[in-house]
Amino acid sequence: LPIWKKMRPLFAAAGHQFYAPTYSGLGARAHLARPDIDLDTHIQDIVGEIEAEDLKDITLIGHSYGGIISGLKREFDAHPEWYAQLNGERRPNSQSKMCLGNEELRKAIVEYEIGQFRKNPDMDSVSLDPSDGGGWCECEKCARLGSVSDRALTLANEVAAGVNAQFPGKVVGMYAYAYHSPPPTIRVHPNVIISVATSFIKGGLTFNELVDGWSKQGATIGIREYYSVNTWDRDLPGHARGGNLAY
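Because the structure is a prediction, the values reported are computed rather than measured.

### Notes on the nonpolar core
Thinking step 1. Core analysis: the biggest nonpolar cluster contains 38 residues, and Met98, Ile109, Leu128, Val159 and Ile194 have the highest contact counts within it.
Thinking step 2. Those elements that place two or more of their residues in this core are helix H3 (65-71), helix H5 (103-119), helix H7 (148-166), strand S4 (171-178), strand S5 (192-201) and helix H8 (207-216).
Thinking step 3. Ranked by residue count, the leading element in this core is H7, at 8 residues.
Thinking step 4. Not counting residues up to four positions away in its chain, the partners in contact with Ile109 are Ile68, Leu72, Met98, Leu128, Leu155 and Val159.
Thinking step 5. Counting 6 residues, the second largest nonpolar core, distinct from the first, contains Tyr175, Ala197, Tyr226 and Val229.

### Structural notes on unusual backbone geometry
Thinking step 1. Of note in this structure, Asp54 is not a glycine but carries a positive phi near 55°.
Thinking step 2. By the element assignment, Asp54 lies in the loop between helix H2 (39-52) and H3.

### Topic: the pairing of strand S6 (residues 220-224)
Successive residues of a regular strand alternate their side chains across the two faces of the sheet.
Thinking step 1. In terms of strand pairing, S5 meets S6 through 5 bridges, oriented parallel. Its bridge partner lying in S6, Ala197 is registered against Arg224.
Thinking step 2. Taking the sense of rotation as the criterion, the β-α-β connection linking S5, H8 and S6 turns out right-handed.

### Considering the pattern of salt bridges
Thinking step 1. For the structure on display, the rule yields 6 salt bridges.
Thinking step 2. Close ionic contact of Arg34 with Asp36 constitutes a salt bridge, the shortest N to O distance being 2.7 Å.
Thinking step 3. We classify Arg34 as partly exposed; its relative accessible area is 41%.
Thinking step 4. Residues Glu158 and Arg106 are paired through a salt bridge, measuring 2.9 Å at the closest nitrogen-oxygen approach.

### A closer look at the sheet that holds S6
Thinking step 1. Pairing in this open sheet of 4 strands is parallel, and the strands run S3-S4-S5-S6 from one edge to the other. Across the chains shown, the open sheet's two edge strands, defined by having one partner strand only, are strand S3 (125-127) and S6. Between one strand and the next, the sheet's axes are offset by a mean angle of 30°, whatever the strand orientation.
Thinking step 2. Sitting on the sheet, H7 is in contact with S3, S4 and S5, with an inclination near 170° to S4.
Thinking step 3. Sheet contacts for H8: S4, S5 and S6; angle to S5, the most-contacted strand, approximately 160°.

### Points about the packing of aromatic side chains
Thinking step 1. Inspection of the entire model under this criterion finds 5 aromatic pairs.
Thinking step 2. Here the aromatic rings of Phe76 and Trp82 are separated by 5.3 Å at their centres, their planes lie at 85°, and the arrangement is edge-to-face.
Thinking step 3. Ring pairing ties together the aromatic residues Phe76, Trp82 and Tyr83, which thus form one cluster.
Thinking step 4. Arg224 extends its terminal NZ or CZ atom over the ring of Tyr175, reaching a point 4.3 Å from the ring centre.

### Here's the deal with H7
Each α-helix winds once per 3.6 residues, and so residues spaced three or four apart point in a common direction.
Thinking step 1. Taking 1.5 Å as the rise per residue, H7 with 19 residues should run 27 Å; its terminal C-alpha atoms sit 28 Å apart, in good agreement.
Thinking step 2. Judged by how many residues are buried, H7 sits mostly within the fold: 15 of 19 residues are covered.

Rules of the game
Residues numbered from 1 in each chain as written. Predicted model: local features only at pLDDT ≥ 70, side-chain atom pairs only at ≥ 80, totals over all residues. Heavy atoms only, no water. Core = buried A, V, L, I, M, F, W, Y, C linked by side-chain atoms within 4.5 Å. Buried < 20%, exposed > 50% of the residue type's maximum accessible area, 1.4 Å probe, protein only. Helix = DSSP H or I, 4+ residues; strand = E, 2+ residues; numbered from the N terminus. Contact = heavy atoms within 4.5 Å. Pairing = 2+ DSSP bridges. Right-handed = clockwise from strand over helix to strand, strands pointing away. Salt bridge = Lys/Arg side-chain N within 4 Å of Asp/Glu carboxyl O. Axes fitted to C-alpha atoms, helices over the stretch in contact; angles between N-to-C directions. Phe/Tyr/Trp six-rings, centres within 6.5 Å; stacked < 30°, edge-to-face > 60°. Lys NZ or Arg CZ within 6 Å of the ring centre and 35° of its normal. Expected span 1.5 Å × (residues − 1).

As structure tokens, this is what we get:
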């Protein structure tokens, strides 16, 4: 949260308002922690903030797969095969990865994101970044799509193509991060922006190698920086990256 606070004046200087809601069970709302808190609870936290502040023409920042599952809850309930298969089983929940090898699912997500622009035509972008952690689908269809990066990018590319057919110039954002940090074997759609993480990357490549690899596939590159991480520098003044001017 301290990093988000520091971003408020930057957004204000650019003419925007910036909100950083605290999820139930975390930070200032840690006293609300309980065992049944899940992604659906946190989505309601965000919805409540939007409604309470009467926010319009907003852009949400962060991981997106859980939001897609919740936004298409009725469809996912009817299609449990859309959830990731792990150890031969599909276990539906709002924090699961998805079976991106399923073409029907990808088409539903394309239509869902087009619908987001219909409702909010002033939006510049949507996020197609996967939820945190592992749990990627192990089915044969997903394996045929290629690496985890190839799978995530296939969805982002298809959403970018579908959205731009109706809303030219809109972009799709995705990180090169965690299990989907290694460069893909497929080309990046011109309207997909790849923000390469400076930490929490996998695959054995350096940050510079990741930037080079994604760039070679045509990506427009951004940077996902970590100026402070709670577990790195909490209660350690001057130890955060943001306080290191040389960095």
